[in-house]
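Structural overview for review
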Amino acid sequence: MRKLEGLSASPGIVVGPVFRYADEGAVSIPKYEISRDEAEAHWRRFDAALVKSRNELSLLMDGRNKEQNDILEAQLLMLSDPEFIPQVRAELERTLLNIESVLHAKVDAAASMLRSTGDAYLSERAVDIEDAFGRVMNNMLQADPAPDKASPGQPSSAKAGTRFVPPGTILVARNIKPSEALSLRDSGISGIVLEEGGATSHVAILARSWKIPAVMGVRGLLELVSDGDEVVLDGVDGLVIVEPAADAVSLYRTRATSEVRLKSAEAAVRAALLGAPAETRDGARMTLRANIALSDEVPDAKLEGAEGIGLFRSEFLFLASETLPDEETQYAEYRRAVECMKDCPVIIRTLDAGADKMIADQRDYVEKNPLLGWRAIRYCLDRKDLFRAQLRALLRASAHGDLRVMFPMIANLGELESALSVLDEAKAELARKKLPFNRRMKVGIMIEIPAAAVCADQLAKRVDFMSIGTNDLIQYAMAVDRENAKVAHLYDCFNPAVLRLIRMTIEAGIDAGVDVSMCGEMAGDPASVFLLMGMGLRNFSMSAAHIATVKELIRKASLRDAIEVAESAMGLTAPREIRKLVQERLKTYE
Ligand code: PEP
Ligand code: MG
């Protein structure tokens, strides 16, 4: 039994089988010549990988899920195919190339032949062949990762595990892109563990909003587990237990069951809170909105009591497809969100692409520091056609409700002015075409770069609202990659420097009479919300799953207390002391 520590990214406890999710395109297939004498050893490696892969597939079979079993069974048959396997052997002996490159070529040829038929069923089988033999390839490469003679070879089309993820399994990967996470939403996985990633990485944010337990930054896990191995995922304490002893399994299963009970008790509290306002004991009213990635999350947000959408991350619409969504597709998506939210505001952030959320158009541009590079508003201002199309779609949807537009990653006034003039162009185009839109549509910016927080007073004069994005603000203020588990200890929202930037923004908003809200993950944490109320913040947007807990805290608290605590906190120097101060005051409410 081994306990590995990581970062708690989404609460919940699961005990279940592992599914290793391969890095897309990360494997490259070595290619080199071998002697006739060496061929037998290569064949034996292939044979051993076949046996291991068959075992893994059998372990993934689960009597309860017929669809999953059918796919696994088909793949098992492929790994024993009486025609294909001997053909691999014949090719190995004919070409005298290493087994990986022989297998790669054979699988590619078989898959291309099936695809060339144009038949949907046969094309699906091509994916199965790639998936099943991709598993064999990965097993061979793991057993013998870097043969001396290997030349860098072509990238593999073999993507073990990307075909589907068996429901009920715990997905384990080095890292996954937000676009991949999106495709996993309805796969039925029971948990996510990544070797990389931080608590505010986009995958963590998505996992929380889909209520899938997750732990990030668990280094070395992939080396320790195979498909089908049972592990414990403790998303509460940020732990993974490999080869758990029987008593640990039963302990965690009991904890998981009591969590379910707790959740139903929470559901009752939630229901009671639903109609109640987010108001402190001394009558200060807060607004709680939800963060979403796609319009189909709006109904859930409403069920949790969201008073609007405070952050609609529009880039997920772009990430969900290989081609850029056109104006009509975007208009339909934005309109759906606004209509579903009825009279409440829906703040839609314009495309925040780049860095970890690379869209198809950006992939050929390689950057040394993508987090400091061509992303968000910088990218949009270089791609004005695309930006104008999005703004037209947003403006048209604004005719159907209280839609507000928000620009991400604004660094200075010049960028804001440029974005506003593209917005004016989009308005003029719609006016020329006599298409309806809300001429007074509210426009805001995200404050997520320290430079913007410092100059928030200047920016505030040109906008209707500002929303603090602490996920990036902390990253840039502390010079710490939000996905890097190694330096995660520096990533702390209670750092005095971060708090000062937040306070500057809130004060700039108050002075200019402009609404300030927060949509970073900090806004979903009750202790932080208490401190922020004391600093003058009144609007919070968070994953819908956090709304009830935050509201519960607000209704127990008094604003007078919060102001007193915030004043003392601003005089402290260590995040630890600030956290302790806040928590001690919160204890008095229990
Ligand atoms: C933020 O940076 O706080 C934010 C809300 O945006 P994202 O997490 O999408 O970068
Ligand atoms: Mg951000």
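Please read all numbers here as calculations on a predicted model, not as lab measurements. Sequence order sets the numbering: in each chain, residues are counted from 1 along the sequence as written. Throughout, the order in which chains and ligands are written sets their labels, letters from A for the former and numbers from 1 for the latter. Totals for whole chains, interfaces and linings use all residues, but because this is a predicted model, local features are given only for residues with pLDDT of at least 70 and pairs of side-chain atoms are given and counted only at 80 or more. Side-chain calculation: all heavy atoms of the structure are included, whereas hydrogens and water are not.

A few points about the overall build of the protein chain
What counts as a helix is a DSSP run of H or I of at least four residues, what counts as a strand is a run of E of at least two, and both are numbered from the N terminus. When helices and strands are counted, the protein chain shows 23 helices and 16 strands. A compact globule built from 590 residues would reach a C-alpha radius of gyration of about 25 Å, and the protein chain, at 26 Å, matches this within 12%. Dimensions along the principal axes, computed over C-alpha positions, put the protein chain at roughly 80 × 65 × 40 Å. Within the span of the protein chain, comprising 590 residues, buried residues form 56% of the whole. Counting only contacts in the protein chain whose residues sit at least 6 apart along the sequence, the fraction spanning at least 24 positions is 70%. The reference for a compact globule is 2.2 Å times residues^0.38; the radius of gyration itself is calculated from the C-alpha atoms. Each residue gets one of three labels from its accessible area relative to the maximum for its type: buried under 20%, exposed over 50%, partly exposed in between, using a 1.4 Å probe on protein chains only. In this analysis, two residues are considered to be in contact whenever any of their non-hydrogen atoms come within 4.5 Å of each other.

Section: unusual backbone geometry
Backbone geometry at Lys211 places phi at a positive 60°, although glycine is not the residue there. The topology assignment puts Lys211 in the loop between helix H7 (202-209) and strand S6 (214-216).

Quick word on the domain arrangement of the protein chain
Note that the domain bounds were set by an automatic or database domain assignment. Domain annotation of the protein chain identifies domain 1 (2-23 + 161-271), domain 2 (28-155) and domain 3 (285-543). Contact with domain 1, which involves 21 residues of that partner, is made by 21 residues of domain 3. Together, the buried faces of domain 1 and domain 3 total about 1,800 Å²; carbon and sulfur atoms form 52% of this surface. As used here, buried area is the combined drop in accessible area, with a 1.4 Å probe, of two parts when they are placed together. Contact with domain 3 buries area across many residues of domain 1, yet Leu182, Thr200 and His202 alone supply 32% of it, more than any other trio. What counts as a salt bridge is simple: a side-chain nitrogen of Lys or Arg found within 4 Å of a carboxyl oxygen of Asp or Glu. At the boundary of domain 1 with domain 3, the tally comes to three salt bridges. Note that Arg185 is salt-bridged to Asp296, the shortest N-O span being 2.8 Å. A 3.5 Å cut-off defines polar contacts: any pair of N or O atoms within that distance qualifies, except that in protein one atom must be a possible hydrogen donor and the other a possible acceptor, and neighbouring residues in sequence count only when both atoms are side-chain atoms. For the pair domain 1 and domain 3, the interface holds 10 residue pairs in polar contact (both at pLDDT 80 or more). When contributions to the side of domain 1 that touches domain 3 are tallied by element, the ones reaching two or more residues are helix H6 (178-184) and H7. It is H7 that contributes the most residues to the side of domain 1 that touches domain 3, five residues altogether.

So, the packing of helix H20 (residues 526-534) against helix H23 (residues 575-587)
Between N-to-C directions, angles span 0 to 180 degrees; the directions come from axes that are lines fitted to C-alpha atoms, helices contributing only their stretch in contact. Following both chains from N to C, one finds H20 and H23 inclined at 95°, their axes separated by 10 Å at the closest point. When the axis of H20 is compared with that of H23, the two are roughly perpendicular. In contact with Ala527, Phe530 and Leu531 of H20, H23 contributes Ile578, Val582, Arg585 and Leu586. When the residues that make up the contact of H20 with H23 are grouped by side-chain class, the tally is six nonpolar, no polar and one charged. Roughly parallel covers angles under 35 degrees, roughly antiparallel covers those over 145, roughly perpendicular covers 65 to 115, and oblique covers all other angles. Three categories are distinguished: nonpolar for Ala, Val, Leu, Ile, Met, Phe, Trp, Tyr, Cys and Pro, charged for Asp, Glu, Lys and Arg, and polar for the others, with Gly belonging to the last.

Description of the coordination of the magnesium ion (ligand 2)
At this site the magnesium ion (ligand 2) is bound by Glu448 (OE) and Asp472 (OD), with donor distances of 2.1 Å. Placement of the pair is Glu448 in the loop between strand S13 (443-447) and helix H16 (450-454) and Asp472 in helix H18 (residues 470-478), with a sequence separation of 24 residues. Counted as donors are N, O and S atoms no farther than 2.8 Å from the metal, or 3.2 Å for Na, K and Ca; water is not among the atoms, and sites may therefore look incomplete.

Considering the confidence of the model for the protein chain
One confidence number per residue, pLDDT, is output by the predictor and ranges from 0 to 100. When the pLDDT values of the protein chain are averaged, the result is 90; 94% of them are 70 or greater. Note that residues 146-163 has pLDDT below 50 and, in this model, 50 contacts with residues that lie over four places away or in other chains.

Digging into the site of ligand 1
Around ligand 1, a shell composed of 15 residues is seen, among which His202, Arg313, Arg349, Asn471 and Arg482 lie nearest. Residue Arg349 places a side-chain N or O atom 2.8 Å away from an oxygen atom belonging to ligand 1. A distance of 2.8 Å separates an oxygen atom of ligand 1 from a polar backbone atom of Asn471. Methods summary: accessible areas were calculated by the Shrake-Rupley approach with a probe of 1.4 Å, and residue burial reflects only the protein chains presented. Relative to its unbound accessible surface of 290 Å², ligand 1 loses 100% to contact with the protein. Elements supplying a minimum of two residues to the shell around ligand 1: H7, strand S10 (309-313) and H18. When residues in the shell around ligand 1 are grouped by element, the largest group, three residues, is from H18. Any residue with a heavy atom lying within 4 Å of a molecule or strand is counted as near it.

With respect to the nonpolar core
Each nonpolar core is a collection of buried residues, namely Ala, Val, Leu, Ile, Met, Phe, Trp, Tyr and Cys, held together in the definition by side-chain atoms within 4.5 Å. Residues Phe46, Phe133, Phe407 and Ile502 are the most contacted members of the largest nonpolar core, which totals 162 residues. It is helix H5 (residues 120-143) that provides the largest number of residues to this core, a total of eight residues. Residue contacts for Phe407: discarding those within four places in its chain leaves Thr350, Ile377, Phe387, Leu391, Leu416, Ala419, Leu420, Val443, Gly444, Ile445 and Met446. Membership of the second largest hydrophobic core comes to 14 residues, among which are Ile170, Val218, Leu221 and Val225.

Details of the pattern of salt bridges
In this structure the tally under the stated criterion is 37 salt bridges. Notably, a salt bridge pairs Arg392 with Glu429, separated by 2.5 Å at the nearest N-O pair. Of this pair, Arg392 sits in helix H14 (residues 384-397) while Glu429 sits in helix H15 (residues 413-432), placing them 37 residues apart in sequence. Residues participating in the shared-partner salt-bridge network are Glu327, Glu328, Asp385, Arg388, Arg392, Arg396, Glu425 and Glu429.

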